[in-house]
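Fold and contact review
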Amino acid sequence: MVFGVVLAGGIGSRMGNVEKPKQYLTIGNRPILIHTLEKFYANQEFEKIIVLCPAQWMEHTKDLIRKYIPDQDRVVIREGGATRNETIMNSIRYIEETYGLDDDTILVTHDSVRPFVTHRMLEDNIRYAREFGACDTVIPATDTIVESADGSFISQVPDRKMMYQGQTPQSFRAKKLKELYLGLTEEEKAILTDAAKIFVIKGENVHLVEGEVFNIKITYPYDLKVAETMIAGED
Amino acid sequence: MLNTIYRLVAPRRFEVAFNEIDLFGEKVIVRPTHLSICHADQRYYQGARPAEILAQKLPMALIHEAIGKVVRDPRGEFHTGESVVMIPNTPTEQDDVIGENYLRTSRFRASGFDGFMQDTVAMDRDLLVRLPDGIDPSVAAFTELVSVSAHALRRFDRFAHKRRNVVGIWGDGNLGYITATLFRAMYPETRLYIFGAAFEKLADFSFADRTYMVQDVPADLMVDHAIECVGGQFSQRAIDQIIDHINPEGTISLLGVSEYAIPINTRMVLEKGLRLFGSSRSGRDDFLATVELYRSNPEILAYLRKIVGAQVEIRSIQDMTRAFELDIQKNIGKTIMLWEK
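What comes next concerns the included structure.

Definitions and limits used
- Residues numbered from 1 in each chain as written.
- Chains lettered and ligands numbered in written order.
- Predicted model: local features only at pLDDT ≥ 70, side-chain atom pairs only at ≥ 80, totals over all residues.
- Helix = DSSP H or I, 4+ residues; strand = E, 2+ residues; numbered from the N terminus.
- Rg over C-alpha atoms; globule rule 2.2 N^0.38 Å.
- Buried ≥ 20, exposed ≤ 12 C-beta atoms within 10 Å, placed from the backbone.
- Contact = placed C-beta atoms within 7 Å.
- Pairing = 2+ DSSP bridges.
- Axes fitted to C-alpha atoms, helices over the stretch in contact; angles between N-to-C directions.
- Core = buried A, V, L, I, M, F, W, Y, C linked by C-beta atoms within 7 Å.
- Domains from an automatic or database assignment.
- Expected span 1.5 Å × (residues − 1).

Moving on, we come to the overall build of chain B. Looking only at helices and strands, chain B has 11 helices and 17 strands in total. Over its C-alpha trace chain B gives a radius of gyration of 20 Å, about what one expects of a compact globule, namely 20 Å for 341 residues. Across its three principal axes, chain B shows a C-alpha extent of roughly 65 × 40 × 35 Å. Looking at chain B as a whole, 45% of its 341 residues qualify as buried. Once local pairs closer than 6 in sequence are excluded, the contacts in chain B between residues at least 24 apart make up 72%.

This is the structure:
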């Protein structure tokens, strides 16, 4: 079984002076979260789409989904956790309680603030997670990446040809992800920025999925303007 | 839902664009799976239309021959995952006399508005026709072109007098081949002659009674009716030859599109009392008739399989360009885009 996991747990601290978390802001005619959710809804591979949101936004999220998604039987709303990975674990807990976990349980996790994800990316994620156990959507880095250990001086300039920028979806066999996560030390957990890294630090393969430049993450007010421009002037 | 569209913005250049479609409205949401490239798409792609037409029509998503799978039907008449062919002609009014494909108010995909190079398409349910189970999707992809032939032959049946001993089809390209295939199935008793310019192409018309190279047609050879599938710069020569070799009161069915104004020998049209009629595009009834023909005469599908050319997996904009460039190089056949985008 394949589950969509839409991560709407962020509280938008990078978004500047707005009142709402960024996933609840509107582009075009709908909240960003709804645009993203619809992409998953339109793909029949997903048994259920689990939306994880901040506790204080649970009721608002339920209202929005009631308003915009007439058939809600495939959508489940759950509270997010303290970190991104705790949030993903909450979705695994729900699946385990409702369906049980087996080796074929696939999670396609995605930022709620990346509404431009395409059908092809979702399909590739499902395929590679089934085949390799884990995959991560990326685009080749266009800027040179520099590393600075102290924040003042460059410690390394990695070869750009080997650098990619991570996007989402990130997809995994749920059972494996849970086992690996539970096996992490607190120090290891502290350096996690995303779920793919759980596989990487445990020496597991994570296959690359080709992302798109336009699969932007709406993080800053600037991104919101870009997203509006991308869909401007259409029906 | 935010929908991704791949539009031609200038000759040989596709770019991505987005629109919003209502996932939960009245329309049926379809995910395109197999797209077939047509000459009309190529004329836009290569910039072979007049500059003012290009300026008026682009940016626009190309492709009007496509099948897909139903993503969602709010009424549940189509099942999720069901294979359907999408009808590009989109009527905006009903008329009891004039066919929907001839109404000036009708809109046509990849001509008046975006074609099928999209992530998902929101379609009126009347513009979808179910495909038979197990049909080869790469053949089904160009059902629209087959329906244009079916439409022309249905008009032939209406307009042509009853003596149909010999019918000639001029043109050995895709349209000629498809029209001949359908004609053979619909009129098994009529002697079918094919007139073409390429020996190898003519050899593919194995089901025809005779084939002729256009420069070797015997002077006394006559047909009762003729169907012109040549188009382009050779339209005139084909029509001239038809007028020479057609019996009095025959019909000439014109299907070949030309960018040029084609002169016609009206003196002989008058003397022989000929009837010329044009056919273009198709409507829902023609699609239904085509799919019914697929069911009743499955050999049609086997013949059509022969003209499936390159099948190009599309995962990026570069792949789209590659498919169109490959299509330019082909001699005959239909280039199919396997839509994985």
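Residue and element names in this part refer to chain A. With mixed pairing, the 7 strands of this open sheet are ordered in space as 5-4-1-6-8-7-9. Both outer strands of the open sheet, strand 5 (75-79) and strand 9 (207-210), are each paired with one neighbouring strand and no more. The average undirected angle you get between the axes of adjacent strands in this sheet is 30 degrees. As defined by bridge partners, strand 4 (residues 46-53) adjoins strand 5 across 5 bridges and the pair is classed as parallel. Pairing of cysteine 53 across the sheet is with glutamate 79, part of strand 5.

Ranked by size, the top nonpolar core spans 149 residues in total, and within it Val5, Leu37, Ile49 and Val51 of chain A together with Val30, Leu62 and Met86 of chain B carry the most contacts. Among the elements that take part in this core, helix 4 (residues 143-159) of chain B stands out by supplying 7 residues, more than any other. When residues are assigned to domains, this core turns out to be shared by domain 1 (2-141 + 307-339) and domain 2 (147-278) of chain B, each giving three or more. Once residues lying within four places of it in the same chain are set aside, the contact partners of valine 30 of chain B are Gly68, Lys69, Val70, Val71, Val84, Met86, Thr120, Val121, Met123 and Leu128 of chain B.

To continue, consider helix 4 of chain B. All names here are of chain B. The end-to-end C-alpha distance of helix 4, which contains 17 residues, comes to 24 Å, matching closely the 24 Å that a straight helix rising 1.5 Å per residue would cover. Of all 17 residues in helix 4, 12 are buried, a share of seventy percent or more. Of all the positions in helix 4, only Thr143, Glu144, Leu145, Val146, Ser147, Val148, Ser149, Ala150, His151, Ala152, Leu153 and Phe156 are classed as buried.

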